[in-house]
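Structure at a glance
Spelled out from the first residue to the last, the chains are:
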Amino acid sequence: MTRGRIRAKIRPSNLYTFACLRPITAESEGTQSVQGPGFSRVVKCNEPGLHRKKPLKYCSNGISTTRYNVINFLPKAFFEQFRRAANIYFLVAAICSLFQISPFTPLSMIAPLVFVLGVSMTKEAIEDWHRFVQDMKVNNRKVLVHKGMGAFGNKQWRNLVVGDIVKVEKNKFFPADLLLLSTSYEDGLCYVETMNLDGETNLKVKRSLEISIGLDSDDRFKDFKGMIQCEDPNPSLYTFVGKFDYNKEAYPLDPSQILLRDSKLRNTAFAYGVVIFTGHDSKVMQNSTMSPSKRSRIERKMDRIIYILLSALLGVSVVSSIGFYVQTKYQMRAWWYLMPMRSSPCYDPNQAVASGFCHFVTALMLYGYLIPISLYVSIEMVKFLQAIIINRDIEMYDEETGTPALARTSNLNEELGQVDTILSDKTGTLTCNQMDFLKCSIAGSSYGIKSSEVELAVDKQIAIDLEEERNEISDFHGPICYGGSEIELESIITTVEGKNELKNFVKGFSFEDSRLMNGNWIKDPKATEILLFMRILALCHAAIPEVNEETDEISYEAESPDEIAFLVAAREFGFEFFKRNQSSIYIREHYPSPENPIEREYKILNLLDFTSKRKRMSVIVQDEDGQILLLCKGADSIIFDRLANHGRTYEEFTTNHLNEYGENGLRTLALAYKRLDEAEYEAWNDEFSKAKISIGADRDVMLEKVSDMMERNLILIGATAVEDKLQNGVPQCIDKLALAGIKIWVLTGDKMETAINIGFACSLLRQGMKQICISVPNSDTLGQDEEKAVKEDILMQMTNASQMIKLEKDCNAAFALIIDGKSLIYALEEDTKNQFLGLAIDCASVICCRVSPKQKALVTRLVKEGTGKTTLAIGDGANDVGMIQEADIGVGISGVEGMQAVMASDFSIAQFRFLEKLLVVHGHWCYKRIAQMVCYFFYKNIAFGLTFFYFEAVTAFSGQSIYDDWYMILFNVFVTSLPVISLGVFEQDVSSDICLQFPALYQQGPQNLFFDWYKIVGWMGNGLVTSGIIFIFNIAFFYDQAFRLGGQTADMTTLGTVMFTCTVWVVNCQIALTMNHFTWIQHFFIWGSIGLWYLFLLIYGMLSPVYTGNVYMILSEVLGPAPTYWTVTLLVTVTCNLPYFLHISIQRCFYPMDHHVIQEIKYCKKDVQDNIMWAREKSKARQDTKIGFTARVESKIQQLKGRLHKKHLSDDSSKTSFATPLHEV
C-alpha cells in the first residue's frame, strides 16, 4: 500500500466528514466569503513575489525560541538579575564604593558582584545559545521550492515566503503550514506523523482537493495560479476555515487539507503544497507558550529572610550612625591628632548630623556581609547538579522504552520533598494505555472467559486473606477446614496463569472463548448477528494498515489504541482488514472457508469522526450487493439514547454485561447499525453536502446537526470490553506513597464504575471503606429552576456526608469520596467549593470521574489554594496539561497518548512507579539539602558580618574595616563556597534503600522540620553567638599584650587576619558537624578550603608591599612563628562549635528524630544482628493511612481480631454457664 499509485476511480466528494467537495460556483454561492475579522489572510499561490512587499507581506519563515539576542542580552539579563532585592543592594554598595565614604576599595565590592552576576548571566547565555543553535539547525533545513517554469530547487526554510509551492519528500518535515495540493497517490491521499505537535505516533490521513489532484508533477506548476482566503494565524491545531479560488471557482478548505509545520510526511513518496502560514504565524509556533513561572516554598521564604536581614542591616547601620554622631559631636574635638577642624563634612564636629548620615551610608556597605551575595548563584549551581543526579538515576530508567527520568526544571527540586497531595490521571498514568480485547457481548450473549487483571487481583487477594485468616485462627484453635472453595479459587487462578504461558501472545488480543474462535461461531444460532458484529469491528474505524515487507505481517496505525485492539480482534476472529484507499476499504474474510479466504470491498460513502464531544464514530458503507449500512460505535449512554424501538431487543442483556465489564475494570463501547435505502441516504447526503460546502465558523455545528440526524433509530448489536492494563508496580508505589503520608486523588474521564474498580486494583479503595458517591441524575438540558434544585441536592449530599464522617465513632473507619463531572460543575462554584474541599480532605481517598481537562485544572487549583500545601499533578495526555501547569509540581509520563504532558511538565518519568523514588528518595534528599544549605548560608554570613559591627563599636564607629579587601573577596567566593555546594549535592541523612524502607521519613518535608522559623532563628542565633566568640576571644588575646616572642603587639592587620582565620576554621568545621554523609569530595572541599586560605595567605604575603601593604609576609614571619596564633585558632574553633555539638548530642540522646534512630541502628549494625527490632522500627516508621495495600492488610487483621475477640467472649460465656450449676451442686 505504501508504494506506487492507487488507480481506483474515486469521487472525493462522497468521502469523510471533512472531505473536500464539489466547487462553489459564483452562481450558487456568490455571497459566501471568509472575509471579516479573523479571516483576512490572502495567499497568492505560486506568486511569492507579491508577498515580499506590503500589503501582502507576512512574517518570515525563520523562527527564534531564544530569550535574548545580541542587542537585548545585557538589558534583559541585568533586569532578571536585579529583580532580586539582594542584588540591588550589592549594586548600590558597589557604586558607593567608588566614593570616599566607602570603607572598602572598589575592587572588594565590585569583584564579588561581578562574579555572581557573571556566573548567573553566563548560565543564561549558555542555555540561550543552545536554543539558538537548535533554531539555526531548523532554519537552515532545505526543501524543494518551485523556482519558475516548472523547475524545483533547494531553498532554506528561513527563506520561504507565503505563496511558495514546495515539494516535500518522504520522511521529511513540513517547513511551514501548507495547503495540500497533490501527492504521489492519484487520489491525493498522504499520511502524516504529528509527533512533534501532539506527541502521538499514530499516523493521520490528509487528502487534497479533488480539483488539484492533477498537479502531481513538477512541470504541472509552470502556469499554476490560485488564491486562498482563510483565517488569520491562531493556535488551534484542529480547526481551519478558508476557501481556495481556482479557475474562477471556490472550494471550501478544512483541517484535512492542511499540513502543519514540524509534522512529517510518512508512507508517501512526495507531496506538493502551497505555503499559507510561515514562521511564528504557523500553528505550532502559535502554540509555543512559556510555562507558568513556579517558585518553591523555600525560595519564597528565603526572600522573606533576605528582607529580614536587610532590615537588620538597616538597624545596625542606624545604631552605628547614631554612635558615630555622638562621637563626632562630643568627642572628636578632643582628638587633636585627627585634625577635626580640617576634616571633610563626613568628619566635621560642626556638622555632626551630616557626618552621621555619611556614616550611615558607610555602615550599609560595611555590614553588607550580613547578606549572602553568593546564595542565589550557589543554589542555582546546586539545583543544576541535583537535576543531573535525578536524570542519571538508573533505577528510574525505563529499559523497555529507553526513557530516563528528566528534571526539565531544576527550580523545584526541593519542592519534591514537600508534596502533600498527588492528583493523578488514570488512563496511561496508573494504567498502560495499551488496550487488550478481552470480552464482548453479541446479541445478548457474553463471550470471553479470561479474567481481567482487576478480577485476578481481587481473587488473589481473597485467597491471601482467607489463608491469613486460616493461619490466624489456627494459632488459637488448631487447623480449620474451609471446604473446597479456597482450593478451587486457587486452582482456577493457577490454571488461567498456566494457559497464558502456553498460549501464543498476540499484542492487543487476550480474548479466550472457543465459541467464537476458529470459526466455531458459524454454528451459533445467532451467526448472522455475530457476522455483523465482526464486520463492524473491521470496518468502523479510520486506521491505516502497514505491511511488513519482510514478514508480510500487517500492523495498524490508528488514532487510539482502542481501534488497534478492535482490528486485531477482528483479524483473530477471521476478518482481516488489509487495505484501504480514499474510496474503499478491503476485508479478507477467512470463514466459512479458512483455506480460501474471500476478499470483500466496501465502498466508503461517509465517515463521521469520533470527537470527545460526540463520543461516537460512524461509517456509512456500501457492500458488494449494493446494501448501504451505517455502522456506529460509541459510549453506551450515547448509543442507547439513539436506539430505535425495534432496536432494543438486546438492550437489557447488553446493559447487564456492560455493568459487569465495568465492575471488572474494563473499558466498554456499544456497537449498533442501521440499514439504509438509497433514497433515504441520498436525501440525507444532500443535506450533509450543503453543510460541508458552507464556509464559516458555524460549519462544524451544521455538520454535527446533520450527522446527528443520521445517527438515530439504530439497532443494538452488542458491546466490546477492552482492558487498559495497570502499569507495572502501581499498587506498590501507591502503597509506599500512602505510607509516606501523601494523599492521592484520581481525576479521570472514565465512568464511575471503571474508576471504582481501578481504585480497588490500586488499593485506593478496599472492602469495608465507606463510599460517598455524589452524582446528579442524567439530564442533557436543565432549566434555571432545575439547576437550582440540582445544586441544592449536591449541597445536601455533601452536608450529609460531612455529618456522617463527624458522627463516625470507629477510629479505624475509612471514607472514599467519588464524584462525577456533572456534580463537580456545582461543587466547584464559588459558594460551594470550600465545603467540597472540606469533605474531600476528610476522606481517605478521592476519585473524580467523567471530568473534563478544565475541571482537572480547577480541582488542582482548589486543592493548592484551599489547603496551602504542595500539590503534584501527574498525567500523560494533552488533557492533563492544565492540571500539570496548575499544580505546584507537574510530572509528565512519556506514554502512548503523546508528549504534550511531558512538554508542559517540570519533571518527566516513563512509569508511574518511578514517582516513588522521585519523591521518597530524591525529594527527601533535595529538601533537606537545600534547607540545610540555606540555613548554613545565613549562619556563616551573620557570623562573619557581625564581626564588622563589633569592631566598629570598640573603635568609636570609625567606619574602618578590620579585614583586608582580598580576604572579603575570598570569603564568599572561595573559602566557604565549595563546602556548602558539596552539602547541597551529596548530603544524605540515610541511604536510598532506607528512605524506601522507612517512608515516614518523607514527612519531615511536608512538616517543614528543617526550614521552619525555629530552625532559621536557631541558625541565626548560632551565627550571632559564633561572631561574638570570635571577636571577644581575639580581642582578649591580642588587644593589649604581646603575642610574639620579641614582645610585639598586634596591629589591626594582624588582628583581622587572625579573626578571619578563626572564621574560616569555625564555619568549615560547623558544616562538617552538620553533614551526615561523607565522601572524599566533601573532605576535599572542606579541608581543602581551609588549606586554600593558608596557601593564599602565604602567596599573597610574598607579593610586594606595594600590593599587599601590611599583609606583607604576615604568615611566614608574623603569625606562623607565633604559638598564640595557632592556640587562639584552635580555642575559638572548639568553643564556637561546642554549643552546636552539645545541641545535637542532647537531641540525639533525649529527643531523637526518626533519622537519628535509624542512623544509630545502622551504625551499630542492629539491622543485621537484631531482625526483630529492625522490623519493629520499620513498622513504626510509616504514617497512619487508610489507603494502599498495607491498609487493606491491616483492615483485614482488625476484622480477624474482632472475630477472635467475639469468639473468646462466646467461649467464656459458655464456660460460665456450665460452671454455675456445678458450683451450686
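Residues numbered from 1 in each chain as written. Predicted model: local features only at pLDDT ≥ 70, side-chain atom pairs only at ≥ 80, totals over all residues. Heavy atoms only, no water.

The test is simple: UniProt positions are given in the numbering used here, feature names are shortened, and annotations may be inferred rather than shown by experiment.
Per an unreviewed UniProt entry, the chain carries the name Phospholipid-transporting ATPase and comes from Trapa incisa. Annotation of the chain in UniProt includes, under Subcellular location (unreviewed entry), the sentence "Membrane". According to the UniProt record, the Sequence similarities (unreviewed entry) comment for the chain reads "Belongs to the cation transport ATPase (P-type) (TC 3.A.3) family. Type IV subfamily."

Some words on the overall build of the chain
Going by this rule: Here a helix means four or more residues in a row that DSSP labels H or I, a strand means two or more in a row labelled E, and each is numbered from the N terminus. Any two residues whose heavy atoms approach within 4.5 Å at even a single point are treated as in contact. For every accessible area listed, the method is Shrake-Rupley and the probe measures 1.4 Å; residues are considered covered only by the protein chains on display.
The helix and strand tally for the chain stands at 38 helices and 33 strands. Pairs at least 24 residues apart make up 74% of the contacts formed inside the chain by residues separated by at least 6 positions. Surface summary for the chain: the accessible area is close to 54100 Å², and the carbon and sulfur share equals 57%.

A look at the pairing of strand β13 (residues 270-277)
Filter applied, for reference: Classification of residues uses two cut-offs on accessible area relative to the type maximum, computed with a 1.4 Å probe and protein chains only: under 20% is buried, over 50% is exposed, and between them is partly exposed. Two strands qualify as a pair provided DSSP detects at least 2 bridges between them.
The element β13 is largely enclosed, with a buried count of eight among its eight residues. The pairing of strand β4 (residues 165-169) with β13 spans five bridges and is classified as antiparallel. Within the sheet, the bridge partner assigned to Lys167 lies in β13 and is Tyr272. In this structure, strand β5 (residues 177-183) lies alongside β13, joined through six bridges in antiparallel fashion. When the bridges of β13 are listed, Leu180 appears paired with Gly273.

Focus on a nonpolar patch on the surface
Rules: Patch building starts from residues that exceed 30% relative accessible area and form no salt bridge, then joins like charges within 9 Å and nonpolar side chains (Val, Leu, Ile, Met, Phe, Trp, Tyr) within 5 Å. A pair is scored as a salt bridge if a Lys or Arg side-chain nitrogen falls within 4 Å of a carboxyl oxygen belonging to Asp or Glu.
Where nonpolar side chains cluster on the molecular surface, the patch consists of Leu1073, Leu1138, Phe1141, Leu1142, Ile1146, Phe1150 and Tyr1151 and spans about 730 Å² of accessible area. Mapped onto the elements of the fold, Phe1141 is located in helix α34 (residues 1123-1150).

Focus on the sheet that holds strand β6 (residues 189-193)
Heads up, the rule is: Here, axes are lines fitted to C-alpha atoms. For helices the fit covers the stretch in contact, and angles between N-to-C directions go from 0 to 180 degrees.
Pairing within the open sheet is antiparallel, and its three strands lie in the order β7-β6-β12. Both outer strands of the open sheet, β7 (203-207) and β12 (264-266), are each paired with one neighbouring strand and no more. Ignoring which end each strand starts from, the neighbouring axes of this sheet average 45° apart. Two elements, β6 and β7, share five bridges in a ladder whose sense is antiparallel. Each residue of the ladder has a partner; that of Glu193, found in β7, is Leu203.

As for empty space enclosed by the protein
Which parts of space are left empty comes out when a probe the size of a water molecule is rolled across the atoms. Here is the rule we go by: Lining residues are those with an atom within 4 Å of a point, where the points come from a 1 Å grid over the protein atoms alone and group into cavities, where a 1.4 Å probe fits but cannot get out, or pockets, open sets with protein on both sides within 12 Å along at least five of seven lines. Grid points are joined across faces, edges and corners, and a volume is the space filled by probe spheres set on the points.
By the definition in use, this model includes five cavities of 30 Å³ or more. In this model, the largest cavity occupies a volume close to 100 Å³. Taken together, Tyr89, Phe90, Ser108, Met109, Pro112, Met365, Gly368, Tyr369, Ile373, Met968 and Asn972 form the lining of the largest cavity. Those elements that provide at least two residues to the lining of the largest cavity are α2 (85-96), α3 (106-139) and α26 (965-975).

What about the packing of aromatic side chains?
Within a pair of aromatic rings, the relevant descriptors are the distance that separates the centres and the angle that separates the planes. Threshold: Two rings from Phe, Tyr or Trp (for Trp, the six-membered ring) form a pair when their centres sit within 6.5 Å of each other. Planes less than 30 degrees apart are called stacked, planes more than 60 degrees apart edge-to-face, and all others tilted. Counting as a charge over the ring demands two things of the Lys NZ or Arg CZ atom: a distance within 6 Å of the ring centre and an angle within 35 degrees of the ring normal.
Evaluated as defined, the whole model comprises 48 aromatic pairs. Both rings, one in Phe437 and one in Phe511, keep their centres 6.0 Å apart while their planes meet at 55°; by these two values the pair is tilted. Placement of Phe437 in strand β16 (residues 431-442) and of Phe511 in the loop between α10 (485-502) and α11 (527-539) is noted, with a sequence separation of 74 residues between them. Each member of the pair, Phe437 as well as Phe511, is classed as buried. In textbook terms, an aromatic cluster arises when at least three aromatic residues are bridged by ring pairs, as seen for Tyr369, Phe944, Phe948, Tyr963, Tyr967, Phe971, Phe1060, Trp1093, Phe1096 and Tyr1100. The positively charged end of Lys329 is found above the aromatic ring belonging to Tyr330, 5.9 Å away from the centroid. For Arg588, the ring lying beneath its charged end belongs to Phe578, and the centroid distance is 4.1 Å.

A few points about the pattern of salt bridges
Taken as a whole, this structure holds 39 salt bridges when the rule is applied. Between Arg41 and Asp281 there is a salt bridge, with the nearest N and O atoms lying 3.3 Å from each other. Pair noted here: Arg41 is in strand β1 (residues 41-45) and Asp281 is in the loop between β13 and α5 (283-286), with a separation of 240 residues, a long-range link. A residue is classified by how much of its surface remains accessible, and Arg41, at 4% relative accessible area, is buried. Where Arg571 meets Glu572, a salt bridge forms, and the shortest distance between an N and an O atom there is 3.7 Å. When salt bridges with common partners are traced through the structure, they connect Arg616, Arg642, Glu704, Asp708, Glu711 and Arg712 into a single cluster.

Looking at the UniProt feature "transmembrane region" (unreviewed entry) in the chain
Under the UniProt annotation, the feature "transmembrane region" (unreviewed entry) is placed at residues 305-326, 352-377, 937-960, 966-986, 1016-1039, 1054-1073, 1085-1103 and 1123-1142. With 75% helix and 0% strand, the stretch residues 937-960 has end C-alpha atoms that lie 25 Å from each other. Helix makes up 100% of residues 1054-1073 and strand 0%, whereas the separation of the span's terminal C-alpha atoms amounts to 29 Å.

Focus: the packing of helix α6 (residues 297-330) against helix α8 (residues 375-391)
Put simply, the test is: By definition in this entry, angles of less than 35 degrees are roughly parallel, angles greater than 145 are roughly antiparallel, angles of 65 to 115 are roughly perpendicular, and the rest are oblique. Definitions for this section: a left-handed crossing has its near helix turned counterclockwise from the far helix by less than a right angle. A right-handed crossing has that turn clockwise. Throughout this entry, Asp, Glu, Lys and Arg are counted as charged residues, while Ala, Val, Leu, Ile, Met, Phe, Trp, Tyr, Cys and Pro are counted as nonpolar. The remaining residues, Gly among them, count as polar.
The contact between α6 and α8 brings their axes to 13 Å, and the two run at 165°. Compared by their axis directions, α6 and α8 come out roughly antiparallel. Once α6 is placed against α8, the crossing between them reads as right-handed. Packed against α6, whose contacting residues are Glu299, Met302, Asp303 and Ile306, the element α8 presents Leu375, Tyr376, Ile379 and Lys383 at the interface. By residue class, the composition of the contact of α6 with α8 is five nonpolar, no polar and three charged.

Let's talk about the UniProt feature "binding site: Mg(2+)" (unreviewed entry) in the chain
As recorded in UniProt, the sites labelled "binding site: Mg(2+)" (unreviewed entry) are Asp425, Thr427, Asp876 and Asp880. Relative to the helices and strands, Asp876 resides in the loop between β31 (870-875) and α23 (881-886).

Observations concerning the sheet that holds strand β11 (residues 258-259)
With antiparallel pairing, the six strands of this open sheet are ordered in space as β3-β2-β4-β13-β5-β11. Each edge of the sheet is formed by a strand with only one pairing partner; in this case those strands are β3 (151-156) and β11.

Observations regarding unusual backbone geometry
Note that the residue after Lys54, namely Pro55, is joined by a cis bond; omega there is 5°. Looking at the secondary structure, you find Pro55 in the loop between β1 and α1 (73-81). Of note in this structure, Lys248 is not a glycine but carries a positive phi near 65°. Take Lys248: it is sitting in the loop between β9 (242-246) and β10 (249-253). Of note in this structure, Asn713 is not a glycine but carries a positive phi near 55°. As for its position among the elements, Asn713 is in the loop between α16 (699-710) and β26 (715-726).

What to know about the side chain of Ser208
Applicable threshold: By the criterion applied in these results, polar contacts are pairs of N or O atoms within 3.5 Å in which, for protein atoms, one can donate a hydrogen and the other can accept it, and in which residues neighboring in sequence qualify only through two side-chain atoms.
With respect to the helices and strands, Ser208 occurs in the loop between β7 and β8 (226-230). A distance of 3.4 Å separates the side chain of Ser208 from the backbone oxygen of Leu181, its partner in a polar contact.

Digging into helix α27 (residues 977-986)
For α27, a buried count of eight out of 10 residues is recorded, marking the element as mostly surrounded by other parts of the structure. For α27, every residue scored as buried is listed here: Ser977, Pro979, Val980, Ile981, Ser982, Leu983, Gly984 and Val985.

Description of a negative patch on the surface
Note the threshold: Residues counted as positive are Lys and Arg, residues counted as negative are Asp and Glu, and His and the chain ends are not counted. Taken as the charge location is NZ of Lys, CZ of Arg, CG of Asp or CD of Glu.
Taken together, the side chains of Asp677, Glu678, Glu680, Glu682, Asp686 and Glu687 define an acidic patch exposed on the protein surface. When you line up the elements, Glu687 lands in helix α15 (residues 678-693).

Quick notes on the confidence of the model for the chain
Here is the rule we go by: As a per-residue measure, pLDDT reflects the predictor's confidence and takes values from 0 up to 100.
Residue-level pLDDT values for the chain average 82, and 84% of them are 70 or greater. Every residue in residues 475-503 is under pLDDT 50, and counting partners more than four places away or in other chains gives 29 contacts. Low confidence marks residues 1218-1225, where pLDDT is under 50. Its contacts with residues over four positions away, or in another chain, come to zero contacts.

What about the pairing of strand β27 (residues 743-747)?
Counting buried residues in β27 gives four out of five residues, a clear majority hidden from the surface. Where strand β15 (residues 419-424) and β27 come together, four bridges link them in parallel fashion. The partner of Leu423 across the bridge, within β27, is Trp745. The sheet contact formed by β27 and strand β30 (residues 845-849) spans three bridges and is parallel. Counterpart to Val746 in the pairing with β30 is Ile847.

As for the environment of Cys96
Among the secondary structure elements, Cys96 is positioned in helix α2. A C-alpha to C-alpha distance of 8.2 Å links Cys96 and Val361, two positions 265 residues apart in sequence. Beyond its immediate stretch of four places on either side in the chain, Cys96 contacts Ile101, Ser102, Val361 and Met365.

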